[in-house]
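Overview (structure and organization)
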Amino acid sequence: MIETAGHLPGLPAGEVAWRTLEFSAWGEHVQVRVPELTTAQAGALAGHVRENARSYLRTLPVCQIVTTLDAAIARLLDRDDPWRRRAEAVLPIVTGYDRESVRLGLSGSLRSFRAPQLQRFLAEDFANPAVLDGFQPAMKGGFTRAQGPQLLLHIWAGNVPGLSLWSLICGLLVKAGTVGKVASAEPLLAGWFAQILAEIDPRLGECLAVVWWQGGDAEAERAWLDEADTIVAYGGNDALAAIRARVPVTARFLPHGHRIGFGLIGAEALDTRRAGPLARLVAQDVARWEQQGCYSPQMLFVARGGAVSPREFAERVSQELGALGLRHPRRALSVAEAAGLAAWRSREEMRGFDEDGTVVLGEAGDGWSVVCSEVARPLAPSALNRTLKIVAVDSPDAVPPLVSSARAYLQTAAVAASPRELFRIAALLGEAGVTRICGFGAMAAPEAGWHNDGRFNLLDLVRLTEIEQSAERAADGFADYVD
Amino acid sequence: MTQSEIIEALLAFIEQDDASEAAFERLALAVFAHQFAHNAPYRRFAIQRGRTTLTVRSWRDIPAVPISAFKTLTLSCTPPDAAERIFMTSGTTQGGVRGKSHHPTMAVWSRSMLVNFRRRFMAGRERMAMGILFPDEVAMPNSSLAHYLALAKRDCGTADSEGFIGAAGLDLPRLSAALERAQDSGEPYALLGASFSFVHLLDALAAQGRRFALPQGSRILDTGGFKGQSREMTPDAFYDALSAALGVPREACINMYGMTELSTQFYDDGNAVCPPVKSGPHWIRSRVVDPVSGRDLPEGATGVLVHHDLAHFNCASAILTEDAGVMVEGGFRLLGRVDGADSKGCSLAVEEFLRAARG
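Residues numbered from 1 in each chain as written. Chains lettered and ligands numbered in written order. Predicted model: local features only at pLDDT ≥ 70, side-chain atom pairs only at ≥ 80, totals over all residues.

On to the overall build of chain B, then. For chain B, the count of helices and strands is 10 helices and 16 strands. A globule of 359 residues ought to have a C-alpha radius of gyration of about 21 Å, and chain B, at 21 Å, matches this closely. Projected onto its principal axes, the C-alpha coordinates of chain B cover approximately 65 × 55 × 40 Å. Per-residue burial over chain B gives 46% buried out of 359 residues. (Helix = DSSP H or I, 4+ residues; strand = E, 2+ residues; numbered from the N terminus. Rg over C-alpha atoms; globule rule 2.2 N^0.38 Å. Buried ≥ 20, exposed ≤ 12 C-beta atoms within 10 Å, placed from the backbone.)

As structure tokens, this is what we get:
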């Protein structure tokens, strides 16, 4: 099977050099051709996108962009659509995630981009989304208009399908000429989405490009960084620091580093009736995208004092992970991932020899690993790939100090607690650095309009132009109807 | 068997020319029984893995301890204070935490080192003039490599062999003089040391525009990789540069693969082609396993190396390394360290977290 990644409006495919990336999983193989553009081609493509965005995308009312995006998402949600069938056939081979996980995960994230949800995105950041279309009266007086970047560059990372769509769609909503650099680990979905948009509205298709370069290739990267006025980048802090060092000082840089998620379960959620379903939801959050998402849980803090003890709850989560593994087997691990997992597991085993409170559940060969610790431990990464550490705490109040040292990496926390407790704990977690609090089972599916990393997805992209009252008043003096 | 009986048996075993799998297994089971009986943390580890002296029938069933365990546990059959020598890792990989190996006697370690070194490096010579590119034992009393090189120099080096790394680092003028003398003498010369020290030497020679053509039969032994102590070089670039700067052909550049957590070393037969096949003597055997399940992988599949070193009798003979490898005819190929992967997505992985914690 051969797939071609990218979307290069205005560049004849024959003039582009292509590199082939190889992917194998589930007994199948796919070759993905990715474009390797010269600096001159990158410049030409940037000019093409910028010019088309200026002459077309910026003239569209935002409601029309929403309609077009909705139509494109509808095709990816339609299981009979050829694009959707292609995604379901190819993405499991490219990413290694099992077919059912890809199917469920795709639908789960695409659902956030239907028209009503896109309107929610807009409403979250703009009291009056019409500011994206023209000058609107401002509360303080005068008029305001919001304009997206002329050229917005996205640098995506990782193999979680659909992650790229979050920022891609945000850029289009603010009418940015858009160039996205796909990750080598999942180079396809963003390009497909661009091509669907081009099928629906060919002129819109000229306003965005999807490209590739080898991550860390400073020369290729600099060619694009010099063209963009805003850059959204995903990746580890080392990669982000390297990019930031090359971003022109006049450009806006919006980094999204790696994150660590965790869960917190209050004693009131641990009666014998509720613990079972809760354990199932925890297992789902752990298994979704093999914990590779920024929102994925890597540690779970469980309060003592419920009818079900933390240790018993750990057993239940283990059982649920075992059951899930039968239906959705774990992705095949690379040697490095397997070694990392074995090292994590044996470190925990060793710890168990030193102190009574740590138990490693299950067999080494199981497709999951759960560690239960009776000793309070600060938040730290698990080995991902369905590995979870469950830490018993005396009360939820013990948790904020245990997570605050990872403040720079916090984002999502799932909380199971009574309403009064939820708000009390949320305040403490927010102070510790958490930006998103959700229910179990929803960790991997942020709701439409969420503020990724606590920031404004749309507002951070735009620049306001304000007409002050003085100009308005002065203009009156120059009107032809002036007395 | 008592400890002294084990030591006696091991010394006799090392002196043999070779050993059958059955002979290796007999001694491996005896050593395992000794470790199971006297090394409490290892016993707990084995029991956790469901392996006891009653269930283990083959040397392959003897549970392999991850080398990270040497950092957190004291794996010794004898009281640690009674050790004649404690070797420690450099602590570069885990934020300063150092793995330890206790040796109640150095007799087995030294015999293992020397018999194997003569066979694999000395190429039939009794002694050679040696230059050592590593600090000596006084400077690094807990370094197994410093001891290794001291033994090599003492037992296999000529009287004018010397070390060239002092408190101030590489003593280039003295080394250049020694290399010049060797060049003029026509007698083979051996340069041994840490891989990163060779990079420092290469850079220093390049800066001066100097080259040497060491006499035929000269040899180089490097070990340990670059460990962030020098710039990184690919193996091909490294051996090409060594060969060009010192006039020693790549097939006479031997890489030694050893670990603080072992008492025996592996060698290749030159680095004309990288990665070369590595192998050890008859008292150490290696496997390539799936690190998650611990099960053997078929020949040709890439996995993580497990070494079973009978000479490491006081600690744990079977260790799970952090090195990727593949079994091939005559030994294994070493494919580099497996550090645990960074996340494939956008979640924070252990490695990045540790890097950040180290600052």
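That covers the picture; the talk isn't over yet.
Residue and element names in this part refer to chain A. A sheet is described by the order of its strands in space; here seven strands give the open sequence β13-β14-β15-β12-β11-β16-β17, paired in mixed fashion. Since the sheet does not close on itself, it has two edges, and those belong to β13 (358-361) and β17 (436-438), each with one partner. Between one strand axis and the next, the sheet turns through 20° on average, direction left out of account. In terms of strand pairing, strand β12 (residues 297-303) meets strand β15 (residues 387-393) through five bridges, oriented parallel. In the strand pairing of β15, F301 is matched with V391. Sheet contacts for helix α12 (residues 310-327): β12, β13, β14 (369-373) and β15; angle to β14, the most-contacted strand, approximately 175°. (Pairing = 2+ DSSP bridges. Axes fitted to C-alpha atoms, helices over the stretch in contact; angles between N-to-C directions. Contact = placed C-beta atoms within 7 Å.)

On to the interface of chain A and chain B, then. Taken together, the contact between chain A and chain B spans 42 residues of the former and 35 residues of the latter. Across the side of chain A that touches chain B, the residue classes break down as 24 nonpolar, 14 polar and four charged. (Nonpolar A, V, L, I, M, F, W, Y, C, P; charged D, E, K, R; others polar.)

So, about the nonpolar core. Among the nonpolar cores identified, the biggest contains 255 residues, and A:L173 and A:I390 are the most heavily contacted of them. The contacts of A:L173, once residues within four sequence positions are left out, are A:V62, A:I65, A:L118, A:F121, A:L122 and A:L458. (Core = buried A, V, L, I, M, F, W, Y, C linked by C-beta atoms within 7 Å.)

Here we take up the environment of A:F423. Note on placement: A:F423 falls in helix α15 (residues 419-432). For the pair A:F423 and A:S167, spaced 256 residues apart in sequence, the C-alpha separation works out to 30 Å.

Turning our eyes to something else, we now look at the sheet that holds strand β11 (residues 266-267) of chain B. Residues and elements named next belong to chain B. Taken in spatial order, the six strands line up as β5-β4-β8-β9-β10-β11 in an open sheet, and their pairing is mixed. Each edge of the open sheet carries a strand with a single partner, namely β5 (162-163) and β11. Both strand β10 (residues 253-257) and β11 contribute to a ladder of two bridges, which runs antiparallel. Bridge pairing in β11 places M256 opposite Y267. Sheet strands in contact with helix α6 (residues 144-156) are β4 (129-133), β8 (189-194) and β9 (219-223), and its direction is about 165° off that of β4.

Residues and elements named next belong to chain A. Structurally, chain A comprises domain 1 (2-258 + 451-467) and domain 2 (260-438). Taken over C-alpha atoms, the centre of domain 1 sits 33 Å from the centre of domain 2. Opposite the 14 residues of domain 1 that make contact, domain 2 presents 14 residues. Per element, the largest residue contribution to the side of domain 1 that touches domain 2 is three residues, and it comes from helix α4 (residues 99-110). Tallied by class, residues from the side of domain 1 that touches domain 2 come to three nonpolar, eight polar and three charged. (Domains from an automatic or database assignment.)

Bringing helix α11 (residues 272-287) of chain A into the picture now. All names here are of chain A. An ideal rise of 1.5 Å per residue puts 22 Å on 16 residues; α11 measures up with 23 Å between its terminal C-alpha atoms. Those residues of α11 that fall on the buried side of the exposure criterion are A275, L278, A279, V282, A283, D285, V286 and A287. Against the buried residues of α11 lie β11 (260-265), β12, α12, β15 and β16 (410-416). Two residues or fewer after α11 comes W289, characterised by a positive phi angle close to 55°. (Expected span 1.5 Å × (residues − 1).)

Following B:C274, the chain continues to B:P275 via a peptide bond in cis, the omega torsion being -10°. Note on placement: B:P275 falls in the loop between β11 and β12 (277-278). Backbone geometry at A:Q291 places phi at a positive 60°, although glycine is not the residue there. On the secondary structure map, A:Q291 appears in the loop between α11 and β12. Judged by C-beta crowding, with 29 C-beta atoms within 10 Å, A:Q291 ranks as buried. Look at A:R386: it is not a glycine, yet its phi comes out positive at around 70°. Take A:R386: it is sitting in the loop between β14 and β15.

Once that is clear, we can look at the domain arrangement of chain B. Accessible area lost when the parts come together is the quantity often used to give the size of an interface. All names here are of chain B. Each domain of chain B was delimited in the assignment, giving domain 1 (3-105 + 282-325) and domain 2 (108-278). In this structure, domain 1 and domain 2 have C-alpha centres spaced 27 Å apart. If you look at the interface, domain 1 gives 24 residues, while domain 2 gives 14 residues. Listed by contribution, the elements that provide at least two residues to the side of domain 1 that touches domain 2 are α1 (3-15), β2 (85-88), β3 (100-103) and β14 (303-309). With four residues, the top contributor of residues to the side of domain 1 that touches domain 2 is α1. Taken together, the residues that form the side of domain 1 that touches domain 2 break down as 14 nonpolar, nine polar and one charged.

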